[in-house]
Amino acid sequence: MTESNISRPNSATPLVKRGLAEMMKGGVIMDVVTPEQAKIAEDAGAVAVMALERVPADIRAQGGVSRMSDPDMIDGIISAVSIPVMAKARIGHFVEAQILQSLGVDYIDESEVLSPADYVNHIDKWKFKVPFVCGATNLGEALRRITEGAAMIRSKGEAGTGDVSEAMKHIRTINGELRALAAKTEDELYVAAKELQAPYELVREVASTGKLPVVMFVAGGVATPADAALMMQMGADGVFVGSGIFKSGNPAERAKAIVKATTFYNDPDVLAQVSRGLGEAMVGINVTDLPAPHRLAERGW
Amino acid sequence: MLPLGILALQGDFREHGYTLDAIGVESRQVRTLSDLESVAGLIIPGGESTVIAKLARAYDLLEPIREKIANGFPAFGTCAGLILLADEILDGIEGQESFGGLDVSVRRNAFGNQLDSFEAELDFVGIPGEPVKAAFIRAPIVEWVGSDVEVLSALPDGRIVAVQNDHVLGLSFHPEVTGETRIHQHFVSMVKRSN
């Protein structure tokens, strides 16, 4: 690193923070728990990896409090790959976020997959140089996270299930609410802001553009190439795949297939071809079988 | 003129489309060989260079694009696109491929991780008036240029961030996310000249 990098005044601007997410569009971000898995993900064509200690399916199976990963493990993954590395902090745990920024991760995911540290407040993300991605199940939640400084949104789905139905519900909800907001007249936006529990200025901006001011990926339950293409056809900017890859029979081939499906999401011939010969998909759990206290998507306020 | 092509395998290809819309130039997203045959030049967007190269290889676009550029087809790459147009990549992943066309050596992630991403205003050869607004996001740097390559812009410390080699143009940064349209305009005139 040279001197000039350190003294550069225009780093960590909203444009620079949101810009990295722009560059990940049309790509797949994969959960990895070891440097070896990170390498497999990079070789398969991941645009970034999410470093964590346990994939959501294991967090669900093993229970207990789930926290930020061991810094040694994150360092190992950062040195194993050349693509961006993301890592998760608990909701509201700004010290975990300070540590992750100090480790030099490229993005922090303030994630409901980990045990929340604060049941009222999220992290004040404007205070950080590193950009944040946050989960959302509806438009109001997405706008509140953007107000707190999130530079990227991830619809939540239900992590660690391999069941895409919640991901579908959340992207349909967010897109539907965006369309409804865009159809409102100027004088209806004050009440819209109240109902969305989001600041009026941001609500007005989104009403006039008809879209979020940041990139939105889909997460939570994507396990097959067809699931990834489904989310892209629904208008996602890209997909996160958590347990779906490394809990499957042939992670390297499945990862490559999901990458191709995310690019050629509108081409059923390509989708048919990449869906062949992938071995067992993750076994999964139906979201409807999960007792309510175990639904991760309900964390976040 | 045929529409301009934008390689749409991964990355911010839509932003390049919006930039061309803003200057009234028709564009088309390129994902297949037949798309490639129906465009007058090719923009290679920002994104992840390793991913774009793998997808181009998997869908038989790598050799055809390489061959077309070698035969004079105009090409313009930003960030990952610059890496993909470089004849030599430094700090790539093992076996990382490029289309080539620019006689330069380009280092990936030359500034470091996302914390070292930044915005800057640049002087740019052939673009008078206001400085060019540039966003450098995990950006590459041109470390060496061949004798036929023209340097169009550099940072105050001398590091090269924009180069042109006849019909091939490459930038370390993203004019497509800052509202800067003049470099796209410059590429459009390169395409018109070559047709």
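All of these numbers come straight from a predicted model, not from anything done at the bench.

Visitor: Describe helix 7 (residues 139–147) of chain A, naming the residues involved and giving the relevant values.
Guide: Residue and element names in this part refer to chain A. Judged by how many residues are buried, helix 7 sits mostly within the fold: eight of nine residues are covered. Along helix 7, the residues classified as buried are Leu139, Gly140, Glu141, Ala142, Leu143, Arg144, Arg145 and Ile146. Of the surrounding secondary structure, the elements contacted by the buried residues of helix 7 are helix 2 (14–23), strand 5 (132–136), strand 6 (152–155), helix 8 (165–182), helix 9 (189–196) and helix 10 (200–209). One side-chain oxygen at the N-terminal end of helix 7 lies 3.2 Å from the backbone nitrogen of Gly140; it belongs to Asn138.

Visitor: Now, about the interface of chain B and chain A: what can you tell me, with residues and values included?
Guide: Listed by partner, the interface residues are 38 residues for chain B and 43 residues for chain A. When chain B packs against chain A, the two sides together hide about 3,200 Å² of surface, and 58% of this comes from carbon and sulfur. A salt bridge links B:Glu15 to A:Lys25; its shortest N-O distance comes to 2.9 Å. The tally of links from chain B across to chain A stands at 16 residue pairs in polar contact (both at pLDDT 80 or more). Those elements that provide at least two residues to the side of chain B that touches chain A are helix 1 (13–22), helix 3 (49–58) and strand 7 (118–124) of chain B. At five residues, the largest contribution of residues to the side of chain B that touches chain A is made by helix 3 of chain B. When grouped by side-chain class, the residues that make up the side of chain B that touches chain A number 13 nonpolar, twelve polar and 13 charged.

Visitor: Explain the packing of aromatic side chains residue by residue, including any values.
Guide: All names here are of chain B. Throughout the structure, instances matching the rule amount to ten aromatic pairs over all chains. Between Phe76 and Phe187 the ring centres are 5.3 Å apart and the planes differ by 45°, which places this aromatic pair in the tilted class. Separated by 111 residues along the polypeptide, Phe76 in strand 4 (residues 75–78) and Phe187 in helix 6 (residues 182–194) bring together distant segments of the chain. The residues Phe76 and Phe187 share a single accessibility class, namely buried. With a centroid separation of 4.6 Å and 5° between ring planes, the pair formed by Phe118 and Phe136 is classed as stacked.

Visitor: Just give me the short version of a negative patch on the surface, but keep the residues and values in it.
Guide: Residues and elements named next belong to chain B. Among the surface-exposed residues, Asp87, Glu88, Asp103, Asp148 and Asp166 lie close enough to one another that they form a single negatively charged patch. Note on placement: Asp148 falls in the loop between strand 9 (141–145) and strand 10 (150–154). Asp148 gets classed as exposed once you look at its relative accessible area, which sits at 63%.

Visitor: Residue-level account of the pattern of salt bridges, with values.
Guide: Residues and elements named next belong to chain A. Scanning the entire structure with this criterion turns up 28 salt bridges over all chains. A salt bridge links Asp58 to Lys247; its shortest N-O distance comes to 2.9 Å. Remark: Lys247 occurs in the loop between helix 12 (243–246) and helix 13 (251–263) and Asp58 occurs in helix 4 (residues 56–62); sequence separation between them is 189 residues. Residue classification places Lys247 among the partly exposed positions, given a relative accessible area of 38%. Counted as one network, the salt bridges with shared partners bring together Lys88, Asp109, Glu112 and Arg154.

Visitor: So what's going on with unusual backbone geometry? Which residues, and what values?
Guide: Generally, phi is negative for residues other than glycine and the peptide bonds are trans, each holding for most cases. Look at A:Gln197: it is not a glycine, yet its phi comes out positive at around 55°. Looking at A:Gln197, the relative accessible area reads 57%, which means it is exposed. Of note, B:Cys79 is a non-glycine position whose phi angle comes to about 60°, a positive value. Here B:Cys79 lies in the loop between strand 4 and helix 5 (80–85). The class for B:Cys79 is buried, based on a relative accessible area of 5%.

Conventions adopted
Residues numbered from 1 in each chain as written. Chains lettered and ligands numbered in written order. Predicted model: local features only at pLDDT ≥ 70, side-chain atom pairs only at ≥ 80, totals over all residues. Heavy atoms only, no water. Buried < 20%, exposed > 50% of the residue type's maximum accessible area, 1.4 Å probe, protein only. Helix = DSSP H or I, 4+ residues; strand = E, 2+ residues; numbered from the N terminus. Contact = heavy atoms within 4.5 Å. Polar contact = N/O pair within 3.5 Å; in protein donor to acceptor, adjacent residues only side chain to side chain. Buried area = accessible area lost by both parts, 1.4 Å probe. Salt bridge = Lys/Arg side-chain N within 4 Å of Asp/Glu carboxyl O. Nonpolar A, V, L, I, M, F, W, Y, C, P; charged D, E, K, R; others polar. Phe/Tyr/Trp six-rings, centres within 6.5 Å; stacked < 30°, edge-to-face > 60°. Patch = residues over 30% accessible without salt bridge, like charges linked within 9 Å, V, L, I, M, F, W, Y side chains within 5 Å. Areas by Shrake-Rupley, 256 points an atom, 1.4 Å probe, with all protein chains shown as cover. Lys, Arg positive; Asp, Glu negative; His and termini not counted. Charge placed at Lys NZ, Arg CZ, Asp CG, Glu CD.

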